[in-house]
Amino acid sequence: QVQLVESGGGLVQAGDSLRLSCAATLPNNNYAMGWFRQAPGKERDFVGALQWRLGTTIYADSVKGRFTISRAIAKNTMYLQINGLKPEDTAVYYCAARPGPLQTDQGWYDSWGQGIQVTVSS
């Protein structure tokens, strides 16, 4: 059974950096793990994803250059490093998992964390 727990969110100022964590319990390493976010009043959007076994990553165009996904295999944890935070990054951030290859469409992900709030003040 897959379990995902996000941590590391909070209130930050524009320009700050933040690292979100997703502690994962996976039945095997052939999983894709994604980060998504939902801003107030908007739909949940794809941020990026990581193939756990290979460490391959993909990103939404809107976050390339500021967001970096990585993993610590020994800790079973995926990270989302966000640099140069902007007020428009304010959202609830979710990690998700699915067996198999990377996908950008949230419909492919069948396990989700509870979400964590990131608020960026200007």
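Residues numbered from 1 in each chain as written. Predicted model: local features only at pLDDT ≥ 70, side-chain atom pairs only at ≥ 80, totals over all residues. Heavy atoms only, no water.

**Student:** Explain the state of the cysteines to me, and be specific about the residues and the numbers.
**Tutor:** What we call a disulfide is simply a covalent bond connecting the sulfur atoms of a pair of cysteines. Applying the stated criterion to the full structure yields 1 disulfide. Residue pairing for Cys22: its cysteine sulfur links by disulfide to Cys95, the two sulfurs lying 2.1 Å apart. Because the sign of the S-S torsion sets the handedness, a value of about 55° for the bond joining Cys22 and Cys95 places this disulfide among the right-handed ones. Residue Cys22 is found in strand S3 (residues 18–25), and its partner Cys95 is found in strand S9 (residues 91–99); the two are separated by 73 residues along the sequence. For the pair shown, Cys22 and Cys95 are each scored as buried. (Disulfide = S-S within 2.5 Å. Helix = DSSP H or I, 4+ residues; strand = E, 2+ residues; numbered from the N terminus. Buried < 20%, exposed > 50% of the residue type's maximum accessible area, 1.4 Å probe, protein only.)

**Student:** Give a description of the pattern of salt bridges that names residues and reports values.
**Tutor:** All told, the structure shown has 3 salt bridges when counted by the stated rule. Here Arg37 makes a salt bridge to Asp89, at a shortest N to O gap of 2.9 Å. Of this pair, Arg37 sits in strand S4 (residues 31–38) while Asp89 sits in the loop between strand S8 (77–82) and S9; the two residues are 52 residues apart in sequence, bridging distant segments of the chain. By relative accessible area, which is 14% here, Arg37 ends up buried. Residue classification places Asp89 among the buried residues on the basis of a relative accessible area of 0%. Across the salt bridge formed by Arg66 and Asp89, the nearest N and O atoms sit 2.8 Å from each other. Pair noted here: Arg66 is in the loop between strand S6 (57–59) and strand S7 (67–72) and Asp89 is in the loop between S8 and S9, with a separation of 23 residues, a long-range link. (Salt bridge = Lys/Arg side-chain N within 4 Å of Asp/Glu carboxyl O.)

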